[in-house]
Amino acid sequence: MPDTRHMAAGRWPRSPYRLGLVMALAFAWVGFWSPTAHGQRANHTPEQLENVGLDQKLGTAIPTDLSFQNEQGKSVRLGQYFDGSTPVMLTLNYHQCPQLCRIQLQKFAESLSGMSWTAGDKFEVLTVDISPHEGPEMARKAQERYATSLEQPDETLGGWHFLTGDQEAITALTDSVGFRYQPLPEKDQQYAHPATIVFLSGSGTITRYFTTLNPAPGDLRTALVEASNGTVGSVVDKAFLACARFNPDSNSYSASAFKLMQYGSALMAIVMGAALFVFWRRENKQLDTVQEEGFEAALDERT
């Protein structure tokens, strides 16, 4: 007779067979539906996001002859921000963006405040508007908004430039760095776009991309040292960069065990070589001394 007490209480009989059957059916159901759900997510991309993304073009030079307007309404050329040695950070945003751009630039301003370097001194920052409908007045208001998050707003804003331009110049710049974006058809003057910080050498060559919304100040500094090819940064910065490896998933630099072993082996070889040289010089000196003493003794005997 089955145990009616457990059944009356609304419980399953304690049968290993039934328990195993229920678990097997549950796993079968999950296994059947999971690939289908995954396929739906993987095979259906919204139309408005199909051509949005970032193609990293490391080693490519941007066109520095493009013309824009700064936040004061003055005509400028990109080339005037590149002096051949000072690295540049580039962000691509628009100021009527309802969320992503504001978050990115707000976090970026906080990261700049966490650095011991100041924009305009060791590096330059360019925030270029991807919307041709926004002008210098809107760029100036955006600059004032993010200045409130800076510890040294006057000094930093001297090196953080907000540029606007026409569609031709914007397209030429975004294409050169692989920044793919497109307007949202159902929303007026809004865009689907990625978020990135592009690091450029003093001559305008792309050296690194950050795709995080919250970059660490130390990683910004290391990327700038890398972009400058050693023209900025201390000896410690350059030594760390020589032993570091960039992780694109975490957008950060960390010490590379392989590089540490390489440099450690080289250092050990130098130390051992120096020690052997000192030992060889000392042995030769002692041998020369013995030979001289022997020669003098032989002369004395003959005399």
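Position labels on residues start from 1 in each chain and follow its written sequence. In keeping with the predicted nature of the model, local features appear solely for residues at pLDDT of at least 70, side-chain atom pairs appear and are counted solely at 80 or more, and the whole-chain, interface and lining totals rest on all residues. Working from all heavy atoms in the structure, the side-chain values ignore hydrogens and water.

### Quick notes on the overall build of the chain
Along the chain, the regular secondary structure elements total 9 helices and 13 strands. Within the chain, buried positions represent 36% of all 303 residues. Two residues qualify as a contact provided that any one of their heavy atoms is within 4.5 Å of a heavy atom in the partner residue. Taking all contacts inside the chain whose residues are at least 6 apart in sequence as the whole, residues at least 24 apart take part in 69%. Within the structure as shown, the chain displays about 18300 Å² of accessible surface, and the carbon and sulfur contribution to it stands at 56%. The numbering of helices and of strands both runs from the N terminus, where a helix is a DSSP run of H or I of at least 4 residues and a strand a run of E of at least 2. Remark: exposure states derive from per-residue accessible area (1.4 Å probe, protein chains only) relative to the maximum for the residue type, with buried under 20%, exposed over 50%, and partly exposed in between. Values of accessible area rely on a 1.4 Å probe in the Shrake-Rupley scheme; residue burial ignores everything except the protein chains shown.

### So, the packing of aromatic side chains
Here a pair means two rings of Phe, Tyr or Trp (six-membered ring of Trp) with centres within 6.5 Å. Their orientation is stacked below 30 degrees between planes, edge-to-face above 60, and tilted elsewhere. Inspection of the entire model under this criterion finds 9 aromatic pairs. Ring centres 5.1 Å apart and planes at 80 degrees place the aromatic pair Tyr-94 and Tyr-191 in the edge-to-face group. With Tyr-94 in the loop between strand 4 (88–93) and helix 3 (100–113) and Tyr-191 in strand 9 (residues 191–192), this residue pair connects regions lying 97 residues apart in the sequence. Exposure remark for Tyr-94: the relative accessible area of 2% places this residue in the buried category. Ring geometry for Phe-108 and Trp-160: centres 5.5 Å apart, planes at 90 degrees, overall edge-to-face. Within this pair, whereas Phe-108 is found in helix 3, its partner Trp-160 is found in strand 6 (residues 160–163), the two being separated by 52 residues in sequence. On the accessibility criterion, Phe-108 (1% relative accessible area) is buried. Here the aromatic cluster, defined as three or more aromatic residues joined through ring pairs, consists of Tyr-94, Phe-179, Tyr-181 and Tyr-191.

### Here we look at the sheet that holds strand 6
Any two strands with at least two DSSP bridges between them are considered paired. Pairing is mixed across the open sheet formed by 5 strands, whose spatial order is 6-5-4-10-11. What marks the edges here is a single partner per strand, and that holds for strand 6 and strand 11 (206–210). Going from strand to strand, the sheet's axes swing by 20 degrees on average, the running direction of each strand aside. With 4 bridges joining them, strand 4 and strand 10 (residues 197–200) adopt antiparallel strand pairing. Looking at strand 10, one finds that Leu-90 is bridged to Val-198. Lying on the sheet, helix 6 (residues 167–177) is in contact with strand 4, strand 5 (124–129), strand 10 and strand 11; it crosses strand 4 at an angle near 115 degrees. For helices, the axis comes from a line fit to the C-alpha atoms of the stretch in contact; other axes are also lines fit to C-alpha atoms, and the angle between any two N-to-C directions lies between 0 and 180 degrees.

### Comments concerning the side chain of Thr-222
The topology assignment puts Thr-222 in helix 7 (residues 217–228). Taking relative accessible area as the criterion, Thr-222 reaches 10% and is therefore assigned buried. Once you skip the residues sitting within four places of it in the chain, Thr-222 turns out to touch Phe-240, Leu-241 and Tyr-253.

### Topic: the state of the cysteines
By disulfide we mean two sulfur atoms from cysteines, separated by a distance within 2.5 Å. Taken as a whole, this structure holds 0 disulfides when the rule is applied. Cys-101 supplies the cysteine sulfur nearest to Cys-97, a cysteine that is in no disulfide, at a spacing of 3.5 Å.

### Looking at the confidence of the model for the chain
Within the chain, residue pLDDT values average 80, and 69% of them lie at 70 or more. Across residues 1–17, where pLDDT falls below 50, the model places 6 contacts with residues more than four positions away in sequence or in other chains. Each residue carries a pLDDT score, the predictor's confidence in it, ranging from 0 to 100. Confidence drops under a pLDDT of 50 for residues 19–44, and excluding neighbours within four residues, the segment shows 2 contacts in the predicted structure.

### Remarks on the layout of surface pockets
Cavities and pockets were defined on a 1 Å grid built over protein atoms only: a cavity is a set of grid points that admits a 1.4 Å probe from which the probe cannot escape, a pocket is an open set flanked by protein on both sides within 12 Å along at least five of seven lines, and lining residues are those with an atom within 4 Å of any such point. Grid points are joined across faces, edges and corners, and a volume is the space filled by probe spheres set on the points. As a volume, the largest pocket reaches approximately 160 Å³. Along the walls of the largest pocket sit 12 residues, with Leu-100, Leu-184, Tyr-191, Ala-192 and His-193 positioned nearest its centre. Its residues placed into classes, the lining of the largest pocket shows 8 nonpolar, 4 polar and no charged. Nonpolar residues are Ala, Val, Leu, Ile, Met, Phe, Trp, Tyr, Cys and Pro. Charged residues are Asp, Glu, Lys and Arg, and all others, Gly as well, are polar.

### Comments concerning the environment of Pro-153
Among the structural elements, Pro-153 can be located in helix 5 (residues 153–157). Sequence separation between Pro-153 and Ala-109 is 44 residues; the distance between their C-alpha atoms is 9.8 Å.

### Quick word on unusual backbone geometry
Notably, Gln-189 is not glycine yet its phi reads approximately 55 degrees, a positive angle. Position of Gln-189 relative to the elements: it lies in the loop between strand 8 (182–183) and strand 9. Although it is not a glycine, Asn-251 adopts a positive phi angle of roughly 55 degrees. With respect to the secondary-structure elements, Asn-251 resides in the loop between strand 12 (244–247) and strand 13 (252–255).

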